[in-house]
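Residue-level listing of the chains:
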Amino acid sequence: MTTTTERPQFSRNPIFIEDAATVATTGVTPDELFRPIVQRRDQLPSRQHSHTVVMRSAEAGDPDAWEKPFWRVSNQVLVSLGYVFSIQVSVEQLGLPTDAIASESPWPLVWNQPYPSTRSRPGVLFVTHRRHTIFEEHLVLHTASLPSWKPQIAINRRLFEKKNG
Amino acid sequence: MGEAWYESVDPSTPITQGDLIIDCPVLGWSPQTLTLQGQKEEEVLKGAMSAVRADVVVMTQACDLEHGKVANIILCPHLSLADYKRQWEEASKEQSQNPTSKAWKALCTDIRDGFLWNLAILNAAKLGDLTTKHRVVDFHEVFTIPRTFLESLIKQRALPRLRLLPPYREHLSQAFARFFMRVGLPTPVTVAW
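Small disclaimer: the values here were computed from a predicted structure and weren't measured.

## Here we look at the interface of chain A and chain B
Between chain A and chain B, the residue contacts involve 27 residues of the former and 37 residues of the latter. Each partner contributes to the roughly 3,000 Å² buried at the junction of chain A and chain B, and carbon and sulfur atoms together form 64% of this total. Viewed at the interface, chain B and chain A are joined by zero salt bridges. Counting across the interface, chain A meets chain B through four residue pairs in polar contact (both at pLDDT 80 or more). Elements with a contribution of two residues or more to the side of chain A that touches chain B: strand E7 (118-121) and helix H4 (157-164) of chain A. Looking at the side of chain A that touches chain B, the element that brings in the most residues is H4(A), giving five residues. Considered class by class, the residues forming the side of chain A that touches chain B number 15 nonpolar, five polar and seven charged.

What follows is the structure in structure tokens.
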């Protein structure tokens with residue numbers, strides 16, 4: 001259990017826990033992120049609030065490039081006056097300590113639903129849409145014997161009238 | 001000859017917009033009319049899948065490729081001017097038109113000048129052993145292919161490829177955009193001149 005001493009500036013925004021400096025601002029160290037993992041859920045005190053932990057690819061150097069953000073209700077996150085006290089997630093959910101993002105979520109109960117990942121940069125919005133697969137089939141293609149593509153040529157009669165006339 | 005339209009890039013160079021890929025296997029849909037007629041959607045679609053080989057050019061934005069923002073790459077097919085001419089002549093005859101050389105030249109000029117929305121023409125190139133005649137790009141057909149597959153195809157072939165250089169690359173991209181953004185007027189402006 002870790003207690004912060006300062007009110008986070010990002011209480012309603014995702015908290016990126018990327019490096020030691022950022023971790024320090026959240027009051028949660030990488031070791032502490034892992035520590036609650038060994039706790040069983042029934043050993044944890046009940047709390048009124050839940051938050052969301054989102055994974056982030058470690059290789060994403062671009063802070064706007066969100067990779068693999070899985071929204072999960074952490075088993076134990078306490079909010080007191082907007083402070084993040086602790087985070088408890090499984091290893092699978094959390095990944096490496098430096099990969100973690102903690103966030104308050106207005107919809108903590110959607111943790112078991114795949115959530116569209118939104119990646120943004122100026123002028124471009126990337127959304128990973130949920131897809132319903134109609135069918136999947138393993139195709140065997142003999143690429144050496146495929147037919148060549150042919151264009152569908154539309155003949156412009158006005159061109160002929162104008163040029164041949 | 002003026003400024004170069006192309007550069008030659010080796011197989012290890014990452015894909016970008018304007019790359020010309022020759023003989024690329026792509027998946028599309030059969031030109032036959034698709035109607036359900038009581039059949040299940042998936043059965044009709046399965047029967048309509050079609051694989052072809054096509055010479056293609058990468059149309060996906062260079063920045064999206066560079067930053068790894070897309071999993072699939074947009075491709076448009078192109079073919080040599082000679083091949084296009086042959087197919088144009090066949091299509092003309094099927095529609096009882098006489099494909100004269102005058103009409104052909106007018107058509108090529110119209111393509112070059114951007115009067116035919118779905119077509120663009122690329123210059124010929126000779127870069128060492130890498131050569132190409134003029135190519136006609138057809139925006140009527142758009143393919144997508146997994147980026148990983150295309151990258152591995154290029155790597156496996158281990159052959160250099162032609163790459164359109166700016167501003168010719170952007171000129172092609174703009175023609176592609178114009179094809180989609182065009183607005184046809186039901187009544188054109190009355191000629192008063």
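## Looking at helix H4 (residues 101-112) of chain B
Residues and elements named next belong to chain B. Here H4 is 12 residues long and its end C-alpha atoms lie 16 Å apart, about the 16 Å a rise of 1.5 Å per residue gives. Inspection of H4 places Ala-103, Trp-104, Ala-106, Leu-107, Cys-108, Asp-110 and Ile-111 among the buried residues, and these make up the whole buried set. Among the residues trailing H4, Gly-114 stands out with phi positive, at a value near 80°.

## A few points about the packing of helix H3 (residues 81-94) of chain B against H4(B)
Residues and elements named next belong to chain B. One can describe the packing of H3 onto H4 by two numbers: an axis separation of 12 Å at closest approach and a directional angle of 125°. Put simply, H3 runs oblique to H4. Note on packing geometry: the crossing formed by H3 with H4 is right-handed. Facing Leu-81, Tyr-84, Lys-85 and Trp-88 of H3, the residues of H4 in contact are Ala-103, Trp-104, Leu-107 and Cys-108. In the contact of H3 with H4, the residues fall into seven nonpolar, no polar and one charged.

Conventions adopted
Residues numbered from 1 in each chain as written. Chains lettered and ligands numbered in written order. Predicted model: local features only at pLDDT ≥ 70, side-chain atom pairs only at ≥ 80, totals over all residues. Heavy atoms only, no water. Contact = heavy atoms within 4.5 Å. Buried area = accessible area lost by both parts, 1.4 Å probe. Salt bridge = Lys/Arg side-chain N within 4 Å of Asp/Glu carboxyl O. Polar contact = N/O pair within 3.5 Å; in protein donor to acceptor, adjacent residues only side chain to side chain. Helix = DSSP H or I, 4+ residues; strand = E, 2+ residues; numbered from the N terminus. Nonpolar A, V, L, I, M, F, W, Y, C, P; charged D, E, K, R; others polar. Expected span 1.5 Å × (residues − 1). Buried < 20%, exposed > 50% of the residue type's maximum accessible area, 1.4 Å probe, protein only. Axes fitted to C-alpha atoms, helices over the stretch in contact; angles between N-to-C directions. Parallel < 35°, antiparallel > 145°, perpendicular 65-115°, else oblique. Left-handed = near helix turned anticlockwise from the far one by under 90°.

Treat this as a map of the structure, not an account of what it does.
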